[in-house]
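Geometric and topological summary
Listed below, chain by chain, are the residues.
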Amino acid sequence: MTPPRERDGMTDDTLETRLRRALNTEASMVNPSGDGLSRIRSGIAEEQSTVWWRRPALALVAAALIGLAVGGVAVALGQNDDQPNDIANQTGEPQTTAPATTEPAPTSSSSTDPGGSTVDVPVYYVHDDGLALRLYREFHHAAMNPEGKIGTAVDQMFGPAVDPDYSSSWPSTTEVLSVTKSGDTATIDLSAFPSTGAAAEDKAVQQLVYTVTATDNAVKKVRLLVNGKAPQSGHSDWSQPVARAPMLDVQGLIWILTPTQGSKVGSPVKVSVYGTAFEGTVTLQVFQGDTQVAETFATTAMGMFVEASTTIKLDPGSYELRAFESSAKDGSPLHVDTKTFTVK
Amino acid sequence: MTVDDAVTWDADEAITQIYAAHYRSLVRLAALLLRDVGASEEVVQDSFIAMHGAWRRLRDPDRALAYLRQSVVNRSRSVLRHRTVELRHAPAPMPDAASAEHGAMGSLEHQEVIVALRRLPERQREVLVLRYYADLSEADIADAIGISRGAVKSHASRGMAALRTTLEQTA
């Protein structure tokens, strides 16, 4: 191949110089407004106020407050052991190869039960995996909301996650005003809408869409209303029903399914993950405090989401499991999910 | 300031220090991709907010800056994806307004380059902006965009070839 030099008098050097000068001139006209730092600080404060349960000192209090939900997670996952991917796979997207089922997650009560009963619902949260905000799922055991099973799941989504690394992009005070279904579309009227940047707003809407469509498999699209009207957004038009974005775009690339956050388990510990990684390889590391006590691997798949599991022998004690993909470039952890648990 | 100092920063200190050193250049980087200063500031602010949450894992100004660049490129792309929708529903001020002002300042010559750059596919434009404005190495560009170094090379050479063709046609 001939190097593209000296063609019609314009060399790469002069083109490079022109481009560099043009970009620098263009950039020099851009002057930030000067209140950036205070905006960032208030954004951080807002984030912290909605994820106060992240703070370790409060984690125990939070765990006590939502003890019922913690129990529900264990139960729900236990019931799902045969088909732990049924909800994640229910969209039937092409990258999903695990046995797909359109059966809803097993629940402790029928979804047509009147108020007063409890139900297990899938709830999606947001977590920054180091590169992007992505969606992660928990099961919550909760009292049935007057707006039915969908209302219950969405209401849980506005509250805290069991895993302190996860949070909701929605204001925690948001309420479900009504849920109606027509065909494959659910219309959900809410009392508030996230006030965030475009990317976070996208994830918040997908958090809602994933939660609703996982809760009711007949629903494929969600029409969003805020106090009866289409949401006012500075970023996007949400007046049309929204379907799930492709899993590879929005879903957490590596989920730890077991052990669940805060669980007490026997040894050997069954570790199962759900996800996708380069050459399928998910690194599993177990930490006690800052000390790594075990490392192994699980093989998922490349470009598609599958479940993989292994067992790790551990002495009694408290541990943190980290599951991630090692960067092909420098081995640094990508798409990290963590769970703390206790071995009896 | 040494890296030793930096690793003892807490997340709030990190934000303050890195903001002082890099906020303006990151906004300018986003603006070259987005042509909208307001949206660019928002993108960079959101990136700093995310970095605050990730500081526990970053703990190093260089890694934090790499994280911010990645985040700015990703979020800018997401804004661009939404722009068609926004323009259809709420006709915004002419996106070329800033450039028109520019032309009046007498730098028409560089304006041709910027216009040609805007016609390039997204990846090629990102690679050229990171290379010739941000002065990043091939490896850092690969990291910021999330592609291989080989892909950086090929986007750069295709982008330059397309720029040359456009500029020769208009010359």
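1. Some points on the overall build of chain A
A count of helical and extended segments in chain A gives seven helices and 14 strands. Counting over 344 residues, chain A shows a buried share of 42%. Taking the intrachain contacts of chain A between residues at least 6 apart in sequence as the baseline, contacts between residues at least 24 apart amount to 64%.

2. A few points about the interface of chain B and chain A
Counting residues at the interface gives 44 residues for chain B, matched by 39 residues for chain A. Put simply, the parts of the chain that give the side of chain B that touches chain A at least two residues each are helix 2 (11-34), helix 3 (37-58), helix 4 (61-89), helix 5 (97-104), helix 6 (108-118), helix 7 (122-132) and helix 9 (149-170) of chain B. Counting residues per element, the side of chain B that touches chain A draws most heavily on helix 3 of chain B, at 13 residues. Its residues placed into classes, the side of chain B that touches chain A shows 24 nonpolar, 11 polar and nine charged.

3. Observations regarding the pairing of strand 5 (residues 221-226) of chain A
Residue and element names in this part refer to chain A. Examined bridge by bridge, strand 4 (residues 185-190) and strand 5 share six bridges and lie parallel to one another. From the neighbouring strand, Thr185 faces strand 5, where its bridge partner is Lys221. Taking the sense of rotation as the criterion, the β-α-β connection linking strand 4, helix 6 (residues 198-215) and strand 5 turns out right-handed. Note that strand 5 and strand 6 (residues 242-243) share two bridges and pair antiparallel. Looking across to strand 6, one finds that Val222 is bridged to Val242.

4. Here's the deal with the confidence of the model for chain B
Residue and element names in this part refer to chain B. Averaged over every residue, the pLDDT of chain B is 80; residues scoring 70 or more account for 80%. The least confident element of chain B, judged by mean pLDDT, is helix 5 at 39; the most confident is helix 7 at 94. The model gives residues 86-106 a pLDDT under 50, and that stretch makes 12 contacts with residues more than four places away or in other chains.

5. Overview of the sheet that holds strand 6 of chain A
All names here are of chain A. Within the open sheet, the four strands sit side by side as 3-4-5-6. Their pairing is mixed. Where the open sheet ends on each side, the last strands, each with one partner, are strand 3 (176-182) and strand 6. Against the sheet, helix 5 (residues 148-158) touches strand 3 and strand 4, its axis set at about 135 degrees to strand 3. Here helix 6 sits on the sheet and contacts strand 4, strand 5 and strand 6; the angle it forms with strand 5, its principal contact strand, is near 125 degrees.

6. Quick notes on the packing of helix 5 of chain A against helix 6 of chain A
Between two packed helices, what matters for the description is the angle formed by their axes and the separation of those axes. Residue and element names in this part refer to chain A. Interhelical geometry of helix 5 versus helix 6 gives an angle of 145 degrees and a closest axis separation of 9 Å. In the crossing of helix 5 with helix 6, the sense of the turn from one axis to the other is right-handed. Residue-level inspection shows Lys149, Ile150, Ala153, Val154 and Met157 of helix 5 in contact with helix 6, the latter providing Gln207, Leu208, Thr211, Val212 and Thr215. Residues of the contact of helix 5 with helix 6, tallied by class, amount to six nonpolar, three polar and one charged.

7. Considering the sheet that holds strand 14 (residues 333-343) of chain A
Residue and element names in this part refer to chain A. Read from one edge to the other, the open sheet built from five strands follows the order 8-14-13-10-11, with strand pairing classed as mixed. Both edges of this open sheet fall to strand 8 (263-265) and strand 11 (291-299), since each of them pairs with a single strand only. Taking each pair of neighbouring strands and ignoring which way they run, the sheet shows an average axis angle of 35 degrees. Pairing of strand 13 (residues 317-326) with strand 14, which is carried by nine bridges, proceeds in the antiparallel orientation. Directly across from Ser326, in strand 14, lies its bridge partner Pro333.

8. Side note on the confidence of the model for chain A
Residues and elements named next belong to chain A. Confidence in the prediction for chain A averages 77 pLDDT; 76% of positions are at 70 or higher. Residue range residues 1-9 is modelled with pLDDT below 50. Its contacts to residues more than four positions away, or to other chains, number six contacts. Residue range residues 51-115 is modelled with pLDDT below 50. Its contacts to residues more than four positions away, or to other chains, number 106 contacts.

9. What about the pairing of strand 3 of chain A?
Here is the key point about a regular strand: its side chains alternate between the two faces of the sheet. Residues and elements named next belong to chain A. Here strand 3 runs beside strand 4; their pairing, made up of six bridges, is antiparallel. Residue Thr180 lies in a different strand from strand 4, and its bridge partner there is Thr187. From the end of strand 3 to the start of strand 4, which pair antiparallel, there are two residues, and Gly183 there has a positive phi angle of about 60 degrees.

10. Here we look at helix 3 of chain B
Residues and elements named next belong to chain B. Given a rise of 1.5 Å per residue, 22 residues ought to cover 32 Å, yet the end C-alpha atoms of helix 3 are separated by just 28 Å, more than 12% below that figure. Counting buried positions over the 22 residues of helix 3 gives 16, a clear majority of the element. The first or second residue beyond helix 3 is Arg59, which carries a positive phi of 55 degrees.

11. Notes on helix 5 of chain A
Residue and element names in this part refer to chain A. Burial runs high along helix 5: 10 of the 11 residues are buried. All of the buried residues in helix 5 are Lys149, Ile150, Gly151, Thr152, Ala153, Val154, Asp155, Gln156, Met157 and Phe158. Against strand 1 (118-128), strand 2 (133-143), strand 3, strand 4 and helix 6 lie the buried residues of helix 5.

12. Things to note about the nonpolar core
Of all hydrophobic cores here, the largest spans 118 residues; its most connected members are A:Ile188, A:Val212, A:Val273, B:Ala30 and B:Val129. The element best represented in this core is helix 2 of chain B, accounting for 12 residues. In this structure A:Ile188 touches A:Val154, A:Val176, A:Val179, A:Val212, A:Val222, A:Leu224 and A:Leu225, once residues within four positions along its chain are discounted.

13. Observations regarding unusual backbone geometry
Outside of glycine, negative phi angles account for most residues, and trans bonds account for most peptide bonds. Here the amide bond leading from A:Thr258 into A:Pro259 is cis, since omega sits at -5 degrees, within 30 degrees of zero. With respect to the helices and strands, the residue A:Pro259 is situated in the loop between strand 7 (254-258) and strand 8. Cis geometry is adopted by the peptide bond preceding A:Pro268, which originates at A:Ser267 and carries an omega value of 0 degrees. Tracing the backbone shows A:Pro268 in the loop between strand 8 and strand 9 (269-275). Notably, A:Asn227 is not glycine yet its phi reads approximately 50 degrees, a positive angle. Within the element layout of this structure, A:Asn227 appears in the loop between strand 5 and strand 6. Of note, B:Arg35 is a non-glycine position whose phi angle comes to about 60 degrees, a positive value. Take B:Arg35: there are 20 C-beta atoms within 10 Å of it, and that puts it in the buried class.

What counts as what
- Residue positions are given per chain, counted from 1 along the sequence in the order it is written.
- To label them, take the chains in the order written and letter them from A, then take the ligands in the order written and number them from 1.
- Owing to the predicted nature of the model, reporting of local features is limited to residues with pLDDT of at least 70; listing and counting of side-chain atom pairs is limited to 80 or more, with chain, interface and lining totals taken over all residues.
- Labels follow the DSSP assignment, with helices taken as runs of H or I lasting at least four residues and strands as runs of E lasting at least two, numbered in each case from the N terminus.
- The burial label depends on the number of other C-beta atoms within 10 Å of a residue's C-beta. Counts of 20 or more mean buried, 12 or fewer mean exposed, and intermediate counts mean partly exposed, with C-beta atoms placed from the backbone.
- Contact between two residues is assigned when their C-beta atoms, built from the backbone, lie within 7 Å.
- For this scheme, ten residues count as nonpolar: Ala, Val, Leu, Ile, Met, Phe, Trp, Tyr, Cys and Pro. Four count as charged, namely Asp, Glu, Lys and Arg, and the remainder, Gly too, count as polar.
- Two strands pair under a simple rule: DSSP has to find at least two bridges between them.
- Every crossover in which the path from the first strand over the helix to the second runs clockwise, viewed with the strands pointing away from the viewer, is termed right-handed.
- What pLDDT expresses is the predictor's confidence in each residue, scored from 0 to 100.
- Fitted lines through C-alpha atoms give the axes, limited to the stretch in contact for helices. The angle between two N-to-C directions lies from 0 to 180 degrees.
- Put simply, a crossing is left-handed when the front helix is turned counterclockwise from the back one by less than a right angle, and right-handed when it is turned clockwise.
- Expected helix span is given by 1.5 Å per residue-to-residue step, counting one fewer step than there are residues.
- A set of buried Ala, Val, Leu, Ile, Met, Phe, Trp, Tyr and Cys residues, joined through C-beta atoms within 7 Å, is what we mean by a nonpolar core.

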